[in-house]
Amino acid sequence: MGSALGLNDQAGALMALTIATWNINSVRLRSGLVQKFLKEAKPDILCLQETKCPDDQFPHGDFRKIGYGHIAVSGQKGYHGVAVLSRLPFATQSVKQFAGKADCRHISVELSENAGSLAGLVVHNFYVPAGGDIPDPEANEKFAHKLAFLDEMKQWGKKDKPASKKAVLVGDLNVAPLEHDVWSHKQMIDVVSHTPIECDKLNAAIKSGKWVDAVRTLKPEPEKLFTWWSYRAADWVASNRGRRLDHIWVSEDLAGSLKKTEIHRDARGWERPSDHVPVTLTIA
DNA sequence: ATGGTTGTCATACAA
């Protein structure tokens, strides 16, 4: 056997798919860590955010040489940037603008016919604006931009119905929507990423798009789940003041196929780490 | 209440 695609039947139909999301905070600086993760976790698809890399400088070869031959990128100089690395071919790819800015914060791919039972699956990769420090849209235009972006995600879910077919939405959504998505609900209530208005808007986007929060379905509250720990902590392990900012949602028709999710916490302790860790979901 | 770190690109700015 030795299939590169994980669990396959004899006809080659895809029986299982593992998808991962990771805010890498510079793909060029951390290409080595991406390769380490790909070799260890072996996802079929990895969605990256904050690549901080113009498309003509993206290190395609680093990932092609270890089996990720299908790569879709939408990057810009210095800031933002998203990418999809895949062992499976794409039929199409596209990018969408949100909240009236040309920021590279979204890319989607559709799997080709070779993907067996998951042929046609659409993967949306998002990088929602962080929103600055002050949780007031009047005083802080970055927060206003974040709220507008979340509102537009809701409208998109309602109007374009991206989850009306087999689809997965992943990314750094920069909101920890549930009480147990932060180390202290009480101490985080006025901190950007966990304010009620952001949580409400993210939940409205899930609802209007008929998405299912796959990670929380498999690991329900009150278990605390974090995917990000600040660089500013003197000791991130000891303080453990994390937040769940990185998410994987699936369309309703995939909700019965959720098999396993993992938050790769160890990656936060790797050398020169990103402040986010990878999250994986397996559907079968 | 404050400052704490990191990456990019060159000096502050975003996170």
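Visitor: An account of the overall build of chain A is needed here, citing residue identities and associated values.
Guide: A count of helices and strands for chain A gives 7 helices and 14 strands. The C-alpha atoms of chain A give a radius of gyration of 18 Å, which matches the 19 Å a tight globule of 284 residues would have. Taking the principal axes of the C-alpha coordinates as reference, chain A spans close to 55 × 40 × 40 Å. For chain A, the residues scored as buried account for 55% of the 284 residues in total. If you take every contact in chain A between residues at least 6 apart in sequence, the share linking residues at least 24 apart comes to 66%.

Visitor: Describe the nonpolar core, listing the residues and the values that go with them.
Guide: Grouped together as the largest cluster of nonpolar side chains are 55 residues, with contacts concentrated most on Trp 22 and Leu 85. The next biggest cluster of nonpolar side chains, apart from the first, holds 20 residues, and it includes Phe 149, Met 153, Val 175 and Leu 202.

Visitor: Could you give an account of the sheet that holds strand 9 (residues 211–213), naming the residues involved and the relevant values?
Guide: Overall, mixed pairing links the 6 strands, which are arranged 5-6-7-8-12-9 in an open sheet. Here the strands that pair on one side only, and so sit at the sheet edges, are strand 5 (90–94) and strand 9. Shown here is a sheet whose adjacent strand axes are inclined to one another by a mean of 20°, direction ignored. Of the strand pairs in this sheet, strand 7 (residues 122–127) and strand 8 (residues 167–172) are connected by 6 bridges, and their pairing is parallel. Paired with Asn 125 across the two strands is Val 170, which belongs to strand 8. This element, helix 3 (residues 141–159), spans strand 7, strand 8, strand 9 and strand 12 (246–251) of the sheet and lies at about 165° to strand 7.

Conventions adopted
Residues numbered from 1 in each chain as written. Chains lettered and ligands numbered in written order. Predicted model: local features only at pLDDT ≥ 70, side-chain atom pairs only at ≥ 80, totals over all residues. Heavy atoms only, no water. Helix = DSSP H or I, 4+ residues; strand = E, 2+ residues; numbered from the N terminus. Rg over C-alpha atoms; globule rule 2.2 N^0.38 Å. Buried < 20%, exposed > 50% of the residue type's maximum accessible area, 1.4 Å probe, protein only. Contact = heavy atoms within 4.5 Å. Core = buried A, V, L, I, M, F, W, Y, C linked by side-chain atoms within 4.5 Å. Pairing = 2+ DSSP bridges. Axes fitted to C-alpha atoms, helices over the stretch in contact; angles between N-to-C directions.

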